[in-house]
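Residues per chain, in single letters:
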Amino acid sequence: MLEVFKYIDKVKGLKYVLDVAKSRKISQSKLCEGIYDSSNFYKICKNPTEKNINSEKLRLLFAKLNIGKDEIMINCTVFNKRTLELLSLINSEGRAYDFSNYPKYLTELEEINVNPVTELTQIILWKKGIYEYSKHHYDAAISYFDEAMNLTKPDYKLETNKNNRLTEVEMNILNDSLIAKFWVNRDVEVIKQYQLLLEIKPMYKEILGYIQINRIVMLIELGKLNNASINLQNAVKKAKDNNQVGILALLNYLDSLLYKLINNDESKLKKASFMLEAHGIKLENFKSFYNI
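Here is a short report on the structure shown in this document. (Residues numbered from 1 in each chain as written. Predicted model: local features only at pLDDT ≥ 70, side-chain atom pairs only at ≥ 80, totals over all residues. Heavy atoms only, no water.)

### Comments concerning the side chain of asparagine 214
Convention followed: Counting from the N terminus, the helices are DSSP H or I runs at least four residues long and the strands are E runs at least two residues long. The term polar contact refers here to a pair of N or O atoms within 3.5 Å; inside protein, the definition further demands a hydrogen-donor-capable atom paired with an acceptor-capable atom, and it admits residues adjacent in sequence only when both atoms are side-chain atoms. Should any heavy atoms of two residues lie within 4.5 Å, those residues are considered in contact.
Mapped onto the fold, asparagine 214 is located in helix α13 (residues 205-221). A polar atom in the side chain of asparagine 214 sits 3.1 Å from the side chain of tyrosine 194. The residues touching asparagine 214, leaving out its near neighbours within four places in the chain, are Asn175, Ile179, Tyr194 and Tyr290.

Printed below as a string of structure tokens:
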């Protein structure tokens, strides 16, 4: 959710690297090999400061020990533990389409981060928008999404700015904003905007599945079932290529829904709903979120 390297506490990061290396019985000289001169590294480790720790070399140390982004975010960033816990809860419950606790979580995030960094403010506004969307308050949701996007990309328009590099959070905001705009007046033009969104590089694998789900839902709502089916098969292939098991469960339900609408046959829906439940997604939450 956060671009972790942007908010690394370098002192915490180096200390964490040293702790991991020690637990794996890796000496300091072996750890820094090919990255730092060993005598210089020893001096830095003895008295680490933000100034004397090189950011790029710290990244290389993380990579050498295969320390991933989630581990770095929890142990090595400027955020306090409760902020990270709340962000994790928001993320995991959102994947399950359960937004009931969002107001409580977001209020606490604001209370414990009196002067938040811009990216955290952006996440809070984005999640407020998602909560309003889940209540079908689409205009309020769009307002939050616009406010969140304007923090980092003022007046961004897909038609003219699609070649601008976007962060993962910005891509998510655009994705959610488009489907909220669709539900305001069922505008077919929004689907064309999704094509522009899919052309943005780099495309984050995590977001790709949700972009495609949104587009399929809109096509179903507009009665364009054949187009929805074609888009769904492409989305399934992408999800399989990216090993996105949760996305596949969501797509399987939409496939079963399409089968019912095209063939007037509900036989596949029950099994598909069980698959959703197995991934921690309540069917009523998913159906309510997408008006299906």
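So, next bit.
### A short note on helix α3 (residues 38-46)
Quick reminder of the rule: Residue exposure (1.4 Å probe, protein chains only): buried if accessible area is under 20% of the type maximum, exposed if over 50%, otherwise partly exposed. Here the arc refers to the directions that run from the helix axis out to each C-beta atom.
Regarding α3, the residues found buried are Phe41, Ile44 and Cys45. Looking down the long axis of α3, one finds its buried residues gathered within 95° of arc, a one-sided arrangement. The outward face of α3, more than 90 degrees from its buried face, is lined by the exposed residues Lys43 and Lys46. Next to the buried residues of α3 lie α1 (10-23), α2 (28-32) and α4 (55-64).

### What about the side chain of glutamate 93?
What counts, and what does not: By the counting scheme adopted, Arg and Lys are positive, Glu and Asp are negative, and His together with the chain ends is not counted. Salt bridges are identified by distance alone: a Lys or Arg side-chain nitrogen within 4 Å of an Asp or Glu carboxyl oxygen.
For glutamate 93, the location among the structural elements is in helix α6 (residues 81-95). Despite being buried, glutamate 93 has no salt bridge partner; lysine 104 is the closest side chain of opposite charge, sitting 7.4 Å away. In terms of polar contacts, glutamate 93 uses its side chain to reach the side chain of asparagine 101, at 3.3 Å. Not counting the four nearest positions on each side in its chain, glutamate 93 is found in contact with Asp98, Asn101 and Tyr105.

### Re the packing of helix α7 (residues 102-112) against helix α8 (residues 118-134)
Helices that pack against each other are described as a pair by the angle of their axes relative to one another and the distance between those axes. Inclusion rule: Here an axis means a line fitted to C-alpha atoms, over the contact stretch when the element is a helix, while the angle between two N-to-C directions is reported on a 0 to 180 degree scale. These descriptions rest on fixed angle ranges, namely under 35 degrees for roughly parallel, over 145 for roughly antiparallel, 65 to 115 for roughly perpendicular, and the rest for oblique. Two helices crossing with the near one rotated counterclockwise from the far one by less than a right angle form a left-handed crossing, whereas a clockwise rotation gives a right-handed crossing.
Between α7 and α8, whose axes approach to 10 Å, the crossing angle comes to 165°. When the axis of α7 is compared with that of α8, the two are roughly antiparallel. With respect to the hand of their crossing, α7 and α8 are arranged in left-handed fashion. Here Tyr102, Pro103, Leu106, Leu109 and Glu110 of α7 lie close against α8, whose contacting residues are Ile124, Lys127, Lys128, Ile130 and Tyr131.

### Section: the packing of aromatic side chains
Quick note on the threshold: Centres within 6.5 Å make a pair out of two Phe, Tyr or Trp rings, where for Trp the six-membered ring is used; the pair is then stacked when the planes are under 30 degrees apart, edge-to-face when over 60, and tilted otherwise.
This model, assessed by the stated rule, comprises 14 aromatic pairs. When the ring of tyrosine 133 is compared with that of phenylalanine 289, the centres are 4.5 Å apart and the planes differ by 50°; the resulting orientation is tilted. Separated by 156 residues along the polypeptide, tyrosine 133 in helix α8 and phenylalanine 289 in helix α17 (residues 283-290) bring together distant segments of the chain. The same class applies to tyrosine 133 and to phenylalanine 289, which are both buried. With 5.3 Å between their ring centres and 70° between their planes, phenylalanine 286 and tyrosine 290 make a pair best called edge-to-face. With a gap of four residues between them, phenylalanine 286 and tyrosine 290 both fall in helix α17, about one helical turn apart. Since its relative accessible area comes to 2%, tyrosine 290 is described here as buried.

### Re the environment of tyrosine 138
By the secondary structure assignment, tyrosine 138 is in helix α9 (residues 138-152). According to the relative accessible area criterion, tyrosine 138 is buried, its value standing at 11%. Residues tyrosine 138 and tyrosine 97, 41 residues apart in the sequence, show an inter-C-alpha distance of 17 Å. Setting aside anything within four residues of it in sequence, one finds tyrosine 138 in contact with Tyr133, Ala180, Trp183, Val184 and Asn291.

### Quick look at the environment of serine 134
For serine 134, the position within the fold is in helix α8. Measuring from C-alpha to C-alpha, the distance between serine 134 and serine 100 comes to 9.2 Å, with 34 residues separating the pair along the chain. Setting aside residues up to four positions removed in sequence, serine 134 forms contacts with Phe99, Ser288 and Phe289. A distance of 2.6 Å separates a polar side-chain atom of serine 134 from the backbone oxygen of tyrosine 131.

### Re the layout of surface pockets
Using the following cut-off: Buriedness of a pocket was judged along seven lines, with at least five required to meet protein on both sides within 12 Å; pockets are open sets of points on a 1 Å grid over the protein atoms alone, cavities are sets where a 1.4 Å probe fits but cannot get out, and lining residues have an atom within 4 Å of a point. Grid points are joined across faces, edges and corners, and a volume is the space filled by probe spheres set on the points. Here the nonpolar group is Ala, Val, Leu, Ile, Met, Phe, Trp, Tyr, Cys and Pro; Asp, Glu, Lys and Arg are the charged ones; every other residue, Gly included, is treated as polar.
Reported here for the second largest pocket is a volume of approximately 290 Å³. In this structure, the second largest pocket is lined by 16 residues; those nearest its centre are Asp146, Tyr156, Lys157, Leu174 and Lys181. At the level of secondary structure, the elements contributing two or more residues to the lining of the second largest pocket comprise α9, α10 (158-161), α11 (168-185) and α12 (189-198). Ranked by residue count, the leading element in the lining of the second largest pocket is α11, at five residues. For the lining of the second largest pocket, a count of residues per class yields eight nonpolar, three polar and five charged.

### Examining the environment of glutamate 266
Residue position: glutamate 266 is located in the loop between α15 (245-263) and α16 (269-278). Owing to a relative accessible area of 52%, glutamate 266 belongs among the exposed residues under this scheme. In this structure the C-alpha to C-alpha distance between glutamate 266 and serine 256, which are ten residues apart in sequence, comes to 7.6 Å.

### A short note on the packing of α15 against α16
In the contact formed by α15 and α16, the axes pass within 9 Å of each other and the chain directions differ by 165°. Taken together, the axis directions place α15 and α16 in an arrangement best described as roughly antiparallel. Judged by the twist between their axes, the crossing of α15 over α16 is left-handed. Residues Ala249, Leu250, Asn252, Tyr253, Ser256, Leu257 and Lys260 of α15 touch α16, and the partners they reach there are Leu269, Ala272, Ser273, Met275 and Leu276.

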